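# Per-entry structural report
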Amino acid sequence: MSQPPQRSIKISRPVKTTPALRLGPKADQARQKKAEAQEKQAAEARIRVQIYRDLLALLDIAERLTMDLSSHQDRYGIEWNSLARKIMAHYNADLFDLIPALQNKVMSKEGAHGLPKGLYRNLLDFAGECDNFLKSARAINELAPDAQETEFANACEHFKQVCADMRQQICIFENERPPDEESFFE
């Protein structure tokens, strides 16, 4: 007689997650404080990275705005003067979006608590310079067309220098920061 085939039955046990070990109210409070501190530290790191990225974007736009495209003509005979005006309008629109967002990040609660104390004053001054650039860009639009381009070029050159100086200050801070201070880039 042949035996019937044996079936293997696998019994899976339900997966249980073990709750956190309760050692009393003091230990629970300590865990909660530690979790809150880690969340706060992550938020501070995010705000630093976001501000640095915005600074790099502003520097890139300022460098592009200072390029003199009015005298260029390519091999196809395209006149760059009219394109330069469209490019400036596009970058100006980006500036009007980026600068208020950067100012809000610097002046926010997370910015005030998460940014390095030695660099926070410089970032506030930088936010003020950004605001001055926006005001001057708006005032330049009301000038005569001949004076607009030269005044705007001068304002862009100054803004580019301000952005480069701020980036340099952040890099100097990173090189000289104490070991207990968090990095600006992480």
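Residues numbered from 1 in each chain as written. Predicted model: local features only at pLDDT ≥ 70, side-chain atom pairs only at ≥ 80, totals over all residues. Heavy atoms only, no water.

## Thoughts on the overall build of the protein chain
How we decide: Each helix is a run of DSSP H or I of at least 4 residues and each strand a run of E of at least 2, with the numbering of both proceeding from the N terminus. Under the scheme applied here, a residue whose accessible area is under 20% of the maximum for its type counts as buried, over 50% as exposed, and between as partly exposed, the area being computed with a 1.4 Å probe on protein chains only. Using a 1.4 Å probe, accessible areas were evaluated by the Shrake-Rupley method; residue-level cover was limited to the displayed protein chains.
A tally of helices and strands in the protein chain yields five helices and zero strands. The linear arrangement of helices and strands in the protein chain, starting from the amino end, is α-α-α-α-α. Buried positions account for 28% of the 186 residues belonging to the protein chain. Split by element, the accessible area of the protein chain, about 13500 Å² in all, is 52% carbon and sulfur.

## Considering the pattern of salt bridges
The criterion, for reference: For this document, the term salt bridge refers to a Lys or Arg side-chain nitrogen within 4 Å of an Asp or Glu carboxyl oxygen.
Going through the model one piece at a time under the given rule, you end up with four salt bridges. Two residues, Asp54 and Lys105, come together in a salt bridge whose shortest N-O distance is 2.7 Å. A residue pair is termed long-range when its members are at least 10 positions apart, and Asp54 in helix α1 (residues 25-65) and Lys105 in helix α2 (residues 80-107) qualify at 51 residues. Note on Asp54: relative accessible area 10%, which makes it buried. A salt bridge links Asp60 to Arg64, with the shortest nitrogen-to-oxygen separation between them at 3.0 Å. Residue Asp60 and its partner Arg64 are both found in helix α1; the two are separated by four residues, about one turn of the helix.

## A closer look at the state of the cysteines
Which entries qualify depends on this criterion: The rule for a disulfide is simple: a pair of cysteine sulfur atoms within 2.5 Å.
Overall, the coordinates contain zero disulfides when judged by the stated rule. Its sulfur unpaired, Cys130 is 5.6 Å from the next cysteine sulfur, which belongs to Cys163.

## A short note on the nonpolar core
What counts, and what does not: Buried residues of nine kinds, namely Ala, Val, Leu, Ile, Met, Phe, Trp, Tyr and Cys, make up a nonpolar core once their side-chain atoms join them within 4.5 Å. Two residues qualify as a contact provided that any one of their heavy atoms is within 4.5 Å of a heavy atom in the partner residue.
Residues Leu58, Leu95, Ile99, Phe126, Phe133 and Phe159 are the most contacted members of the largest nonpolar core, which totals 34 residues. Elements supplying a minimum of two residues to this core: α1, α2, α4 (117-140) and α5 (145-176). With residues up to four places along the chain from it excluded, the contact list for Ile99 reads Leu58, Cys130, Asp131, Phe133, Leu134 and Phe159.

## Some details on the confidence of the model for the protein chain
Keep this limit in mind: Here pLDDT means the predictor's own confidence in every residue, given as a number from 0 to 100.
Averaged over every residue, the pLDDT of the protein chain is 78; the share at 70 or more is 77%. Taken element by element, the protein chain is modelled with least confidence in helix α3 (residues 109-114), mean pLDDT 80, and with most confidence in α4, mean pLDDT 87.

## Digging into the environment of Cys156
Its location among the elements puts Cys156 in helix α5. Note on Cys156: relative accessible area 1%, which makes it buried. Once you skip the residues sitting within four places of it in the chain, Cys156 turns out to touch Leu65, Thr66 and Phe133.

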